[in-house]
Amino acid sequence: MAAETLFFFLFGAAAVGTALAVITRRNPVASALWMVGYFLTLAGLYLTLYAPFIAVMQVLIYAGAIMVLVIFVIMLLNLGNPEQLRERFNPRVGLASALGALLVLQFLVFLLSRPTGYQAPSPKAAELGSPQTIGQVLFTDYLFPFEAVSLLLLAAVVGAVILAKRKVEP
Amino acid sequence: MERLPLEAYLLLSATLFTIGVVGVLTRRNAIVVLMAIEIMLNAVNLSLVAFSAYVGNVEGQLLVFFVMAVAAAEAAVGLAIVLALFRNRQTVFIDEVNLMRW
């Protein structure tokens, strides 16, 4: 068995386990910490697909930046009593889980009924994931979307500052 | 060298996406709902990277890059909304915010 296959099963099982932990923990801080584990296992899965650049971005942006933001907001809510953040048992869990299982079954039937025909990664895959290849395409063919994303991030930062202000003057 | 077909990655991605959907449907805490949305975005990223590697086309990974940027923007604005919500209503539970419900 190839090492990539072994790591696929290892990280795949870990990803499903950590994702389930995120949505089942009753304390949001515990959810956030499991979420960091989920992001790290996904970075491992990207490595089995020869995408080191995306894997590093995953750790930097998601595990580094976004989760710090989430933990900060939980802290800023400044709840005297941590019980205030806890949830009661929700009777909709059974129905939602059944619908979720149905959705996975639907995906399974769809994927098995029409095989994509790709049995192994492309031989070019190893060089595709390198920062050099991605940077070259990003700054030539995709330069306009790249600049548009910078505007989007600027708008999001301004929006977040306005929304989080204590009092907004009319 | 034995490798898994593309369907293995797509099925894993679908499973993770479904876990995110169930999280959004069942949780009441707005912060956890935002995290479940991140689970779904990441599941889709996984299938994009898998397609990119198996088809041999770099554009799937570029799309992942843009999805990450949009997810960062979404997290910043979403969490600011949660903060504003908590200041005004003293709750982060989405079912207690029902002003616009008919």
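In case you missed it, the structure is sitting above this.
Basis of the calculations
- Residues numbered from 1 in each chain as written.
- Chains lettered and ligands numbered in written order.
- Predicted model: local features only at pLDDT ≥ 70, side-chain atom pairs only at ≥ 80, totals over all residues.
- Heavy atoms only, no water.
- Helix = DSSP H or I, 4+ residues; strand = E, 2+ residues; numbered from the N terminus.
- Contact = heavy atoms within 4.5 Å.
- Areas by Shrake-Rupley, 256 points an atom, 1.4 Å probe, with all protein chains shown as cover.
- Rg over C-alpha atoms; globule rule 2.2 N^0.38 Å.
- Axes fitted to C-alpha atoms, helices over the stretch in contact; angles between N-to-C directions.
- Parallel < 35°, antiparallel > 145°, perpendicular 65-115°, else oblique.
- Nonpolar A, V, L, I, M, F, W, Y, C, P; charged D, E, K, R; others polar.
- Buried area = accessible area lost by both parts, 1.4 Å probe.
- Polar contact = N/O pair within 3.5 Å; in protein donor to acceptor, adjacent residues only side chain to side chain.
- Buried < 20%, exposed > 50% of the residue type's maximum accessible area, 1.4 Å probe, protein only.
- Phe/Tyr/Trp six-rings, centres within 6.5 Å; stacked < 30°, edge-to-face > 60°.
- Lys NZ or Arg CZ within 6 Å of the ring centre and 35° of its normal.
- Core = buried A, V, L, I, M, F, W, Y, C linked by side-chain atoms within 4.5 Å.
- Salt bridge = Lys/Arg side-chain N within 4 Å of Asp/Glu carboxyl O.

Caption draft 1: Representation of the overall build of chain A. Helix and strand counts for chain A stand at 7 helices and 0 strands. Look at the contacts in chain A between residues 6 or more apart in sequence, and 53% of them connect residues 24 or more apart. As displayed, chain A has an accessible area near 10,200 Å², and 72% of this comes from carbon and sulfur atoms.

Caption draft 2: Expanded view of the overall build of chain B. Each helix and strand counted, chain B has 3 helices and 0 strands in total. Listed by position from the N terminus, the elements making up chain B come as α-α-α. Taking 102 residues into account, the globule formula puts the C-alpha radius of gyration at 13 Å, and chain B, at 17 Å, lies well above it. Taken along the three principal axes of its C-alpha coordinates, chain B extends 60 × 25 × 25 Å.

Caption draft 3: Just the packing of helix α1 (residues 3-24) of chain A against helix α1 (residues 6-26) of chain B, in detail. Put simply, α1(A) and α1(B) touch, their axes get as near as 9 Å, and they point 10° apart. It follows that α1(A) is roughly parallel to α1(B) by the angle criterion. Touching A:F8, A:G12, A:A15, A:V16, A:A19, A:L20 and A:I23 of α1(A) are B:A8, B:Y9, B:L12, B:T15, B:L16, B:I19, B:V22 and B:G23, all from α1(B). In the contact of α1(A) with α1(B), the residues fall into 12 nonpolar, 3 polar and no charged.

Caption draft 4: Quick look at the interface of chain B and chain A. The interface of chain B with chain A comprises 69 residues on the first partner and 89 residues on the second. Taking both partners together, chain B and chain A bury about 7,200 Å²; carbon and sulfur atoms supply 75% of that area. Looking at the side of chain B facing chain A, the largest losses of area belong to B:R3, B:M35 and B:M68, adding up to 9% of the total buried there. The interface formed by chain B and chain A contains 11 residue pairs in polar contact (both at pLDDT 80 or more). Mapped onto the side of chain B that touches chain A, the elements with two or more residues apiece are α1, α2 (30-55) and α3 (59-89) of chain B. It is α3(B) that provides the largest number of residues to the side of chain B that touches chain A, a total of 23 residues. Residues belonging to the side of chain B that touches chain A are distributed by class as follows: 50 nonpolar, 11 polar and 8 charged.

Caption draft 5: Here's a closer look at the side chain of B:T18. With respect to the secondary-structure elements, B:T18 resides in helix α1. We classify B:T18 as buried; its relative accessible area is 3%. Reaching out from B:T18, the side chain makes a polar contact with the backbone oxygen of B:A14 at a distance of 2.7 Å. In this view, B:T18 contacts A:G100, A:L103, A:V104 and A:F107; residues no more than four positions away in its chain are not counted.

Caption draft 6: The arrangement of the packing of aromatic side chains in detail. Inspection of every chain in the model, using the stated rule, returns 10 aromatic pairs over all chains. Consider the rings of A:F8 and A:F9, whose centres lie 5.4 Å apart with planes at 70°: the pair is edge-to-face. Joined through ring pairs, the aromatic side chains of A:F53, A:F139, A:F146, B:F65 and B:F66 make up one cluster. Sitting over the face of the ring of B:F93, B:R28 holds its NZ or CZ atom 4.3 Å from the ring centroid.

Caption draft 7: Local environment of the packing of helix α2 (residues 28-48) of chain A against α2(B). In contact at an axis separation of 11 Å, α2(A) and α2(B) are set at 5° when each is read in the N-to-C sense. In terms of their interaxial angle, α2(A) and α2(B) are classed as roughly parallel. Judged by residue contacts, A:P28, A:S31, A:A32, A:M35, A:Y38, A:F39, A:L42, A:L45 and A:Y46 of α2(A) engage B:V32, B:M35, B:E38, B:I39, B:N42, B:A43, B:N45, B:L46 and B:V49 from α2(B). By residue class, the composition of the contact of α2(A) with α2(B) is 14 nonpolar, 3 polar and 1 charged.

Caption draft 8: Focus on the side chain of B:R27. With respect to the helices and strands, B:R27 occurs in the loop between α1 and α2. Taking the relative accessible area as the measure of exposure, B:R27 reaches 7% and is therefore buried. At 3.0 Å, the side chain of B:R27 forms a polar contact with the backbone oxygen of A:I23.

Caption draft 9: The arrangement of the nonpolar core in detail. Core analysis: the biggest nonpolar cluster contains 73 residues, and A:Y38, B:L16, B:M35 and B:L46 have the highest contact counts within it. Ranked by residues supplied to this core, first place goes to α2(B) with 14 residues. Residues within four places of B:M35 in sequence aside, it is in contact with A:V22, A:P28, A:S31, A:A32, A:M35, A:M67 and A:V70.

Caption draft 10: Seen up close, unusual backbone geometry. Located in the positive-phi region is A:Y50, a residue other than glycine, with phi close to 55°. Its place among the elements puts A:Y50 in the loop between α2 and α3 (52-76). Even without glycine at this site, B:Q90 takes up a positive phi of about 55°.

Caption draft 11: Focus on the pattern of salt bridges. Residue and element names in this part refer to chain B. A full pass over the atoms with the stated rule returns 2 salt bridges over all chains. With its nearest N and O atoms 2.9 Å apart, the salt bridge here joins D95 to R28. Placement of the pair is D95 in the segment after α3 and R28 in the loop between α1 and α2, with a sequence separation of 67 residues. For D95, a relative accessible area of 37% translates into the label partly exposed. Judged by its relative accessible area of 5%, R28 falls in the buried class.

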